[in-house]
Amino acid sequence: MHNEIQGAVAMADRSTATGQEVKPYRIHVSSRYLNLTKQKLEIARLPHEFEEPRSVDWWQPKSQVEPLIDFWLEQYQWRDQEQKMNGLPQFRTGFTVPQSDTPIRTQFIHVKSSHANAVPLLLIPPFPFPSLVMGHLVKLFTTPEGAEGPQPFHLVIPSLPGLGFSDPLPTNTPVISTTAGMLDTLMKRLGYRFYLVTNAGAGTSSPAQIDFKIAEWLSTQYSDSCLGSHFISPPLPRPKLQEAPVEWAKWSVAKHFGAAISGYRAEDLSAFKRGGSAPAQSSGIPWELPQPGQTGLGQLGLNEPNTLAYALCDSPTGLLVFMLKALRLLAPEREFTPTEIINFTQVAWLPGPEAALRSWGYCLQHPEKPSKKATGGRPRVALTVFLGNEQQQNNDNTTGRPPYGEKRTPYSCPGWARTRYNVVHTHRAPGRPGLLAWERPEMIVSGARGLAAAVLKEDARLKPSPRQEESETAAAEAEEEISVEVTTPFEERRPVFVHPQTHTQQGLLAPPRKEEQQQQQQQQRLQPVRESSDDTKVASSRESLPVKTPSPLPSPSSPAITVGGA
């Protein structure tokens, strides 16, 4: 399967088909669709809830949801957020994969550092967040302070297939292997023959561990180009006697005597006692199906994604509550502003959440196992793990928050990684991982720099060459603006590139012919209201887009809302 995916994805480099070049990308969502969103919010119906007594078994979010709906309707301005997102250097390119007759296009952020010693870094966002909400990380990685400052990076942040404005994968396509193949090809297409990869979220908290598995797949199946990986709280299994007898013996002795020996530290033993370990299959490989007590968003469960997709695709309010619940689970101590919360929801709502839900469900039911071992020995990895809070066993509710977030932090003991990886850098951090990209982004940067320092000492291939310093990607040279099509929840996103110099003889908003109108009326009886309209469509190579009316200035923002509050 690996060779098939690799060969199919590599075809994109040799193809000249439309959509497979790296081109600049800009977002423009139809005003008609934004108005439809507003209409749905205005008629939202929330469940009845008893204020007293409060439930001890489920979350009661009404007091948080109602102010957010009002904020979304009265103060939030998508056009302002769209303009900020378009300020990021975005690009899009396509890949040929099995089961698809047309290229699967991926939207990504690409920023080249001005520092001569910068190395390429692929940053995988925590699932299900797209690259567009990760723009605040760019400067931390690309522009360190001082001439002799920390290691800089040429940064690439993709939106995984089906997230943000990246096309979804075809049905029944292996998600992990296909996505990893696309990302490896992306880095090579950008001129990075060798690169590093880092996660931006905890593997133990990721839905179906998707973002961790993609990084892990790159480190093992593409080790000729991916020279090192930074894992954050990876779901490491404990060593087993049958598979790693030496490491099993070391761990057993250290655990039995409670002693810091054989590479284990006292803090490892304390953290394991508080949080235990992430669930794993008997094979000892961290590719497991969900089990009771699974952490992070895995607690929500998603064995049949289409039912939930139908509900959320038609309800921005439902998707908002789903996002609030996700934020409670991942970052119960973080206070997000109303704008941040609506941004998270909007970038899932506009293209539709169904592809993300289906990828999640597919990965739960069809875990993939690597087909080969990494060439050149065990892959190099850097680890960032979290020791948890010392009081977490008994004092989870000292903040006054209801007990609906994480109750424990499964510990990823660095010593366990020695059975599979060449661990070149380790950082044990206090507390829980949470949403690092917003709560402690310096942890991501620190781990990536530790990995880069170790790899640069051992592998000269990662050092920048004169050719790399002189070359500029085709994406950076292009000036063409691209608009995005917002499609129905039952259609694949297939925007086409807009050529500003071309024109059309008939406007996009021209009235339809009588027979076309009859056909449209028949289709409207069979399809949901959320459909592609003439105003929503992207112009083809023979058409031009109408001028959009600017949005009004935003109203004053409201105070922050505590997502995890009572």
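The structure reproduced in this document is the subject of the present report. (Residues numbered from 1 in each chain as written. Predicted model: local features only at pLDDT ≥ 70, side-chain atom pairs only at ≥ 80, totals over all residues. Heavy atoms only, no water.)

## Some details on the overall build of the protein chain
Piece 1. Within the protein chain, the secondary structure is distributed over 18 helices and nine strands.
Piece 2. Counting the 566 residues in the protein chain, one finds 54% classified as buried.
Piece 3. Contacts in the protein chain between residues at least 24 apart in sequence constitute 82% of all its contacts with a sequence separation of at least 6.
Piece 4. Carbon and sulfur atoms form 51% of the exposed surface of the protein chain, whose accessible area is close to 25300 Å². (Helix = DSSP H or I, 4+ residues; strand = E, 2+ residues; numbered from the N terminus. Buried < 20%, exposed > 50% of the residue type's maximum accessible area, 1.4 Å probe, protein only. Contact = heavy atoms within 4.5 Å. Areas by Shrake-Rupley, 256 points an atom, 1.4 Å probe, with all protein chains shown as cover.)

## Considering the pattern of salt bridges
For side chains of opposite charge, pairing can occur when their charged atoms come near one another.
Piece 1. Counted under the stated rule, the structure contains 13 salt bridges.
Piece 2. Here Glu 247 and Arg 418 are joined by a salt bridge, their closest N and O atoms 3.1 Å apart. Of the two residues, Glu 247 sits in helix α8 (residues 245–257) while Arg 418 sits in the loop between β8 (380–386) and β9 (422–429), which places them 171 residues apart along the sequence.
Piece 3. Under the relative-accessibility criterion, Arg 418 is labelled partly exposed at 24%.
Piece 4. A salt bridge links Arg 461 to Asp 459; the nearest nitrogen and oxygen atoms lie 2.8 Å apart. (Salt bridge = Lys/Arg side-chain N within 4 Å of Asp/Glu carboxyl O.)

## Observations concerning the packing of aromatic side chains
Here a ring pair, both rings aromatic, is described through the centre-centre distance and the interplanar angle of the planes.
Piece 1. In the structure shown here, the tally under the stated rule is twelve aromatic pairs.
Piece 2. Ring geometry for Phe 129 and Phe 344: centres 5.2 Å apart, planes at 70 degrees, overall edge-to-face. Placement of the pair is Phe 129 in the loop between β4 (119–124) and α5 (138–142) and Phe 344 in helix α12 (residues 338–349), with a sequence separation of 215 residues. Like Phe 344, Phe 129 is buried.
Piece 3. Through pairs of rings, three or more aromatic residues link up here, namely Phe 129, Phe 336, Phe 344 and Trp 438.
Piece 4. When the ring centre of Phe 336 is taken as origin, the NZ or CZ atom of Arg 334, which lies over that ring, is 4.9 Å away. (Phe/Tyr/Trp six-rings, centres within 6.5 Å; stacked < 30°, edge-to-face > 60°. Lys NZ or Arg CZ within 6 Å of the ring centre and 35° of its normal.)

## Focus on the pairing of strand β5 (residues 153–158)
On any regular strand, side chains alternate: one points to one face of the sheet, the next to the other face.
Piece 1. Within β5, six of the six residues are buried, leaving the element largely enclosed by the surrounding structure.
Piece 2. The pairing of strand β3 (residues 104–111) with β5 spans four bridges and is antiparallel. Along β5, the bridge assignment pairs Phe 108 with Pro 158.
Piece 3. In this structure, β4 lies alongside β5, joined through four bridges in parallel fashion. (Pairing = 2+ DSSP bridges.)

## Details of the sheet that holds β8
Piece 1. With respect to topology, nine strands assemble into an open sheet ordered β1-β2-β3-β5-β4-β6-β7-β8-β9, the strand pairing being mixed. Both edges of this open sheet fall to β1 (23–24) and β9, since each of them pairs with a single strand only.
Piece 2. On the sheet, helix α6 (residues 175–189) packs against β2 (90–95), β3, β4, β5 and β6 (195–199) and is oriented at approximately 120 degrees with respect to β2.
Piece 3. Packing of helix α15 (residues 441–458) onto the sheet brings it into contact with β4, β5, β6, β7 (226–232), β8 and β9, and relative to β9 it is tilted by some 155 degrees. (Axes fitted to C-alpha atoms, helices over the stretch in contact; angles between N-to-C directions.)

## Description of helix α7 (residues 210–221)
Piece 1. Taking 1.5 Å per residue, twelve residues should reach 16 Å; α7 reaches 16 Å between its end C-alpha atoms and fits that length.
Piece 2. Along α7, twelve of the twelve residues are buried, which leaves the element largely enclosed by surrounding structure.
Piece 3. Ile 210, Asp 211, Phe 212, Lys 213, Ile 214, Ala 215, Glu 216, Trp 217, Leu 218, Ser 219, Thr 220 and Gln 221 are the residues of α7 that are buried. (Expected span 1.5 Å × (residues − 1).)

This is a description of form; function is not addressed.
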